[in-house]
Amino acid sequence: MLTGSGAGRGAAGLLAAVADLVWAAHCAGCGAEGTPWCRRCAGELAGPPLRAVLPGGWPLLAAAGYRGAARGLLLAVKEGGRSELRPAAAEPLARVVEVAGRDLDGPEGGAWELVPVPSRWASRRRRGGDLVADLAARAAATARARGAAVRVRRGLVLRRRVRDQAGLDRAGRAANLAGALRWVGPVPPGPCLVVDDVVTTGATALEAVRALRAAGADVRAVVALTAARR
Ligand SMILES: O=P(O)(O)OC[C@H]1O[C@H](OP(=O)(O)OP(=O)(O)O)[C@H](O)[C@@H]1O
């Protein structure tokens, strides 16, 4: 028998499911009806990558700034549980990887190593897996299908608990990630591209660069779906 609160949860769950269905029929970027991701919004992520230089001189390439359609897409995938949009997020990431591979000194017969930053344990639990690793795998498959020599290497692990970067200032973000990652397993033999979904201060990506280099890897750049100003 349903209790009063159980019935309430059931109704709320039903409403949430209906809301999901309704939103799935709207573009994650602009809210246009009839498609989960419209052509115009996809076009916003199809231009030349944004380029920046992170502290330490590490090149950063991102498909788009963290605003508008790109922000809507990433939030829908990360916080809205819209896993059907992951291919839409992986496509621009694949193009960034392809451009980085062409711009930087190539792997000379080998392959570019895409190294995703690991998600926090709580985020992995909430999303049913590691989102950045999934986007990297999808992007690598797309880039390979178009002829790029690229593979994913997962070996970065968290060695202690870290907080969500959201809500922390620049110094807090750096302190939160400082020394938090290490590499386990064989060192990637080829040149590495660190992959993140969004680079804000760069604290997460730079900690990944540090941990990879400490293991002896040849890191060349950071690639991301979006880059936020901070
Ligand atoms: O460049 P930074 O200033 O380091 O910020 C970017 C990082 O912050 C976000 O992670 P967050 O800790 O919010 O975790 P989540 O993705 O698990 O929500 C994001 O996924 C990046 O990894």
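Residues numbered from 1 in each chain as written. Predicted model: local features only at pLDDT ≥ 70, side-chain atom pairs only at ≥ 80, totals over all residues. Heavy atoms only, no water.

Looking up the chain in an unreviewed UniProt entry gives the name Putative amidophosphoribosyltransferase, with the organism given as Kineococcus xinjiangensis. UniProt's Sequence similarities (unreviewed entry) comment on the chain is quoted here verbatim: "Belongs to the ComF/GntX family." (UniProt positions renumbered as here; feature names shortened; annotations may be inferred.)

Q: Kindly report on the nonpolar core, identifying the contributing residues and their values.
A: Within the largest apolar cluster, 68 residues are counted, with the highest numbers of intra-cluster contacts made by W37, V194 and L212. If you tally residues by element for this core, the top one is helix α4 (residues 86-103), at eight residues. In this structure V194 touches V115, V117, A205, A208, V209, L212, V219, A221, V222 and V223, once residues within four positions along its chain are discounted. (Core = buried A, V, L, I, M, F, W, Y, C linked by side-chain atoms within 4.5 Å. Buried < 20%, exposed > 50% of the residue type's maximum accessible area, 1.4 Å probe, protein only. Helix = DSSP H or I, 4+ residues; strand = E, 2+ residues; numbered from the N terminus. Contact = heavy atoms within 4.5 Å.)

Q: Could you give an account of the side chain of N176, naming the residues involved and the relevant values?
A: Mapped onto the elements, N176 comes out in helix α7 (residues 170-177). Side-chain polar atoms of N176 contact the backbone oxygen of R163, separated by 2.7 Å. If we ignore the near neighbours within four places in the chain, the residues touching N176 are R160, V162, R163, D164, Q165 and L168. (Polar contact = N/O pair within 3.5 Å; in protein donor to acceptor, adjacent residues only side chain to side chain.)

Q: Residue-level account of unusual backbone geometry, with values.
A: Even without being glycine, E108 reaches a positive phi, approximately 50°. Tracing the chain through its elements places E108 in the loop between α4 and β3 (112-116).

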